[in-house]
Amino acid sequence: MDQPDDRNDRDGRDGSDSRDGEAVSRFVERFAAQLTDAGMQRMAARVFAQLLASDGGAMTSAELGEALRISPAAVSGAVSYLTQVNMVSREREPGSRRDRYVLHNELWYETFTRRDQVLSLWEKTLRDGAATLGTDSPAGTRVAETAAFFEFLQGEMLAMMDRWRDHRKKLGLD
């Protein structure tokens, strides 16, 4: 059985040279900059964007280093962060001692679902804080409103994720 040709996967091309490698690199850097502006660590954002732009959604440390022109230590730090926040996983390359870093399936759905857990924790802490501060005090009122906002946001996110699953089916992505 033929193996897929991923020799150019690291720079976002599919092996047929149908993509402009420089344009792909510009996309990776642009999206990484936007992720960094949103709060993600810079090198993690670059590694994530490169994985996202690769056809296989998986690359070795060496491939990432070459594609992004960064050191093995920079790759290691970035993938450690991305693994910790469950955006990528580490898999052993079959028949090799090399690891491949792989994007999770349904990455955005999983990421936002985990955010739901964080929102629940924050909401509970804020409600406790509002009770501690006194709901009739300005601080207690402000903290209670913040808790109510997170409760609302959580409900909206759950409903939105249900709609996303339905939308994926309509698009034939399941």
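From a predicted model like this one, the values you see are computed outputs, not experimental measurements. (Residues numbered from 1 in each chain as written. Predicted model: local features only at pLDDT ≥ 70, side-chain atom pairs only at ≥ 80, totals over all residues. Heavy atoms only, no water.)

Moving on: the overall build of the chain. Helix and strand counts for the chain stand at six helices and three strands. Taken from N to C terminus, the helices and strands of the chain fall in the order α-α-β-α-α-β-β-α-α. Expressed as a percentage of its 174 residues, the buried residues of the chain come to 35%. Contacts in the chain between residues at least 24 apart in sequence constitute 51% of all its contacts with a sequence separation of at least 6. (Helix = DSSP H or I, 4+ residues; strand = E, 2+ residues; numbered from the N terminus. Buried < 20%, exposed > 50% of the residue type's maximum accessible area, 1.4 Å probe, protein only. Contact = heavy atoms within 4.5 Å.)

Side-chain pairs of opposite charge can arise whenever the charged atoms involved come near each other. Tallying each qualifying case throughout the model produces nine salt bridges. Between arginine 46 and glutamate 29 there is a salt bridge, with the nearest N and O atoms lying 2.8 Å from each other. Linking arginine 46 in helix α2 (residues 42-53) with glutamate 29 in helix α1 (residues 21-37), this pair joins segments that are 17 residues apart in sequence. Here arginine 46 falls in the buried class, since its relative accessible area comes to 10%. Given a relative accessible area of 32%, glutamate 29 falls into the partly exposed group. The closest approach of N and O atoms between aspartate 128 and lysine 124, which form a salt bridge, is 3.0 Å. Of this pair, aspartate 128 and lysine 124 both sit in helix α5 (residues 107-133), four residues apart, which is roughly one turn of that helix. (Salt bridge = Lys/Arg side-chain N within 4 Å of Asp/Glu carboxyl O.)

So, on to the environment of valine 79. Inspection of the secondary structure assignment puts valine 79 in helix α4 (residues 72-84). Residues valine 79 and alanine 44, spaced 35 residues apart in sequence, show a C-alpha to C-alpha distance of 6.6 Å. If we skip the residues at most four places from it in the chain, valine 79 touches Val47, Leu64, Val88 and Tyr101.

Spatial ordering of the open sheet is given by β1-β3-β2, a layout of three strands whose pairing is antiparallel. What marks the edges here is a single partner per strand, and that holds for β1 (58-60) and β2 (88-92). Here the strands of the sheet are splayed against their neighbours by 30 degrees on average, with no regard to which way each runs. The sheet contact formed by β2 and strand β3 (residues 99-103) spans five bridges and is antiparallel. Of the residues in β3, the one forming a bridge with arginine 92 is aspartate 99. (Pairing = 2+ DSSP bridges. Axes fitted to C-alpha atoms, helices over the stretch in contact; angles between N-to-C directions.)

Time to look at the nonpolar core. Counting 25 residues, the largest nonpolar core has Met40, Val47, Leu51, Leu64 and Leu82 as its most contacted members. Mapped by element, the contributors of at least two residues to this core are α1, α2, α3 (61-68), α4 and β3. In terms of residue count, α2 provides more of this core than any other element does, seven residues in total. Setting aside anything within four residues of it in sequence, one finds leucine 82 in contact with Met40, Ala44, Val47, Phe48, Met87 and Val88. Core analysis: the next-biggest nonpolar cluster, separate from the first, contains seven residues, Ala130, Ala147, Phe150 and Met157 among them. (Core = buried A, V, L, I, M, F, W, Y, C linked by side-chain atoms within 4.5 Å.)

The next subject is the packing of α1 against α2. Running from N to C, α1 and α2 cross one another at 135 degrees; their axes reach a closest spacing of 8 Å. The angle between the axes of α1 and α2 places the two elements in the oblique class. You can see that α1 and α2 cross each other, and the crossing is right-handed. Touching Val24, Phe27, Val28, Glu29, Phe31, Ala32, Leu35 and Thr36 of α1 are Arg42, Ala45, Arg46, Phe48, Ala49, Gln50, Leu52 and Ala53, all from α2. Each residue belonging to the contact of α1 with α2 can be placed in one class, and the counts come to 11 nonpolar, two polar and three charged. (Parallel < 35°, antiparallel > 145°, perpendicular 65-115°, else oblique. Left-handed = near helix turned anticlockwise from the far one by under 90°. Nonpolar A, V, L, I, M, F, W, Y, C, P; charged D, E, K, R; others polar.)

This paragraph deals with the packing of α2 against α3. Following both chains from N to C, one finds α2 and α3 inclined at 105 degrees, their axes separated by 11 Å at the closest point. Classified by the interaxial angle, the pair formed by α2 and α3 is roughly perpendicular. Contacts from Arg46, Val47, Gln50 and Leu51 of α2 reach α3 at Leu64, Ala67 and Leu68. Across the contact of α2 with α3, the residue classes break down as five nonpolar, one polar and one charged.

Read these as layout, nothing more, since geometry by itself doesn't imply function.
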